[in-house]
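# Chain and residue survey
One-letter residues, chain by chain:
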Amino acid sequence: MNFCLRVLAGVACLFCSVARAQLWTTAYFPGWEQGQMAVADIDFGVISHVVHFSLVPNPDGTLDAEANHITPDNTAELVTRAHAAGRKVLLCVGGAGSQAGFQGAASAAHRSAFVTNLIHALSVGQYDGLDLDWEPLPVSDFPLYTNLVHDLRAAQAPGQLLTAAVSAYPAWGDPPRSESALFASLQGQFDQINLMTYDLSGAYAGWVSWHNSPLYDGGYRFASTTNLVPSIDGAVRGFTAAGVAPAKIGIGVAFYGYIWTGSVSAPRQTWSAAPIVKQISYADILATYYRPSSYRWDTNAQAAYLSLPASGAGARFISYDDERACQAKVRYARDQRLGGVMIWQLAHGHLPGQPAGQRDPLLRAIQKEMAAPAGGRKDTAVNP
């Protein structure tokens, strides 16, 4: 290789390295998990941002820190260790079912006090920013949400981050592009817009058994509506089509799955009696249900599952993200020039009984794929 080619190759390698460094790995760590997974066990070498989950908004603009164990001691331990590793820590406000609290807190009567309380919590805890998780967020709440976002950004100290956890698809009954249009208009206020691209299925009327967090829909449509089944790619395309910059978007990686029990044992199956669907951590899937003979990979959806056929109500379909699925998501984020990936949540993927170096297999898979050259490894079959 001559000198010019060597220089060009070096520049190309440097560019790839920088591009990979810009792909964030934002991971949620609930306060209540700090008794089960020690902060000392978090591998800060893999994640770029950790989100401490979560303050609960009260309708009067005050904050409930006790509900999710956001205690001073828990905060100090997490922030101290993360900062020692050179990582950012965000404080989350909200979560599933937080809509009513946000509606009151973000109202004209209480928004100023609410913003003041949030900024105070960031300062006292020495957090690096705030993660906003208003769930659900229907069209009727958009004006309140918009005003809150602008007021929060204006009140933050220079350098503090503002991120959002966002549903992959609009709230039930809202127009198809309503949510993506909202975030297209607000994207300048956010450092990250992380799509909650999981919980994409359920035993609903007119549905079929489907994956929790598939990359692709595989071209499959509901017979009842002819609409495409949900997927990460479908959600991302919806947001980018609305004008959200890909570099602002993170996609969800689920360190948990769902067990469908009763009459289904694979994706895209119908039922006469609705199956029971329950959430389960990746750690519990491995400990209780995983068998090599039951493992399946849905190539079209790029999703892992366990198939446990049985007669009647004993059949099981278990949809989850394994190492292979995690790596596929990292590749997708890189290939689509997205901002990064977002993990819910660290403790679900932690295996405390395993030897050191084997306790976080999903994080290891993400780390390995983050280090792979762009356009390199395509579909490595990495299974437990």
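Let me begin by describing the structure that accompanies this report. (Residues numbered from 1 in each chain as written. Predicted model: local features only at pLDDT ≥ 70, side-chain atom pairs only at ≥ 80, totals over all residues. Heavy atoms only, no water.)

### Considering unusual backbone geometry
The peptide bond linking Phe53 to Ser54 adopts the cis configuration, its omega dihedral lying at 0 degrees. Looking at the element boundaries, Ser54 is found in strand S2 (residues 49–57). Look at the link from Glu135 to Pro136: it is a cis peptide, with omega at -15 degrees. With respect to the helices and strands, Pro136 occurs in the loop between strand S5 (129–134) and helix H5 (142–155). Positioned with a positive phi, Gln126 is a non-glycine residue whose angle comes to about 60 degrees. Locating Gln126 in the fold gives a position in the loop between helix H4 (111–125) and S5. (Helix = DSSP H or I, 4+ residues; strand = E, 2+ residues; numbered from the N terminus.)

### Remarks on the packing of aromatic side chains
Enumeration over the complete set of coordinates arrives at 19 aromatic pairs. Ring geometry for Tyr145 versus Phe183: centroids 5.6 Å apart, planes at 70 degrees, classification edge-to-face. You can see Tyr145 sitting in helix H5 and its partner Phe183 sitting in helix H6 (residues 178–186), a full 38 residues away along the chain. Taking relative accessible area as the criterion, Tyr145 reaches 1% and is therefore assigned buried. (Phe/Tyr/Trp six-rings, centres within 6.5 Å; stacked < 30°, edge-to-face > 60°. Buried < 20%, exposed > 50% of the residue type's maximum accessible area, 1.4 Å probe, protein only.)

### Structural notes on the nonpolar core
Among the nonpolar cores identified, the biggest contains 86 residues, and Ile42, Tyr145, Leu148, Phe183, Phe190 and Ile366 are the most heavily contacted of them. Setting aside residues no more than four positions away along its own chain, Leu148 makes contact with Phe102, Ala106, Arg111, Phe114, Val115, Leu132 and Trp134. Ranked by size, the runner-up nonpolar core spans 20 residues in total, among them Tyr28, Val51, Ala254 and Phe317. (Core = buried A, V, L, I, M, F, W, Y, C linked by side-chain atoms within 4.5 Å. Contact = heavy atoms within 4.5 Å.)

### A closer look at the sheet that holds strand S10 (residues 276–281)
An order of S10-S9-S13-S12-S11 is seen for the 5 strands of this open sheet, with the pairing classed as antiparallel. Looking at strand neighbours, the two that pair on one side only are S10 and strand S11 (295–298), the edges of this open sheet. Going across the sheet, the axis of each strand differs from the next one's by a mean of 25 degrees, ignoring polarity. Strand direction decides the pairing type here: strand S9 (residues 256–261) and strand S13 (residues 316–320), joined by 5 bridges, are antiparallel. The residue of S13 that forms the bridge with Tyr258 is Ser319. (Pairing = 2+ DSSP bridges. Axes fitted to C-alpha atoms, helices over the stretch in contact; angles between N-to-C directions.)

### A word on the packing of H5 against H6
In contact at an axis separation of 11 Å, H5 and H6 are set at 25 degrees when each is read in the N-to-C sense. Here H5 lies roughly parallel to H6, going by the angle between them. Relative to H6, H5 is oriented so that their crossing is right-handed. Note on element contacts: H6 touches H5 through Ser178, Glu179, Leu182, Phe183 and Leu186, opposite Phe142, Tyr145, Thr146, Val149 and His150. The residue inventory of the contact of H5 with H6, partitioned by class, reads 6 nonpolar, 3 polar and 1 charged. (Parallel < 35°, antiparallel > 145°, perpendicular 65-115°, else oblique. Left-handed = near helix turned anticlockwise from the far one by under 90°. Nonpolar A, V, L, I, M, F, W, Y, C, P; charged D, E, K, R; others polar.)

### Considering H5
Here H5 spans 20 Å end to end across 14 residues, near enough to the 20 Å set by a 1.5 Å rise per residue. Of the residues making up H5, those classed as buried are Phe142, Tyr145, Leu148, Val149 and Leu152. Here the buried residues of H5 occupy an arc of 125 degrees about the axis, which is enough to place them on one side. Away from its buried face, by an angle of more than 90 degrees, H5 presents the exposed residues Pro143 and Ala154. Elements that come into contact with the buried residues of H5 comprise helix H3 (99–105), H4, S5, strand S6 (161–167) and H6. (Expected span 1.5 Å × (residues − 1). Arc of directions from axis to C-beta.)

### As for the packing of H4 against H5
Axes are the key here: two packed helices are described by the angle between their axes and the distance separating the axes. Interhelical geometry of H4 versus H5 gives an angle of 45 degrees and a closest axis separation of 10 Å. Here H4 is positioned oblique relative to H5, judged by the angle of their axes. In the packing of H4 onto H5, the handedness of the crossing is right-handed. In contact with Arg111, Phe114, Val115, Leu118 and Ile119 of H4, H5 contributes Asn147, Leu148, Asp151, Leu152 and Ala155. Grouping the constituent residues of the contact of H4 with H5 by class yields 7 nonpolar, 1 polar and 2 charged.

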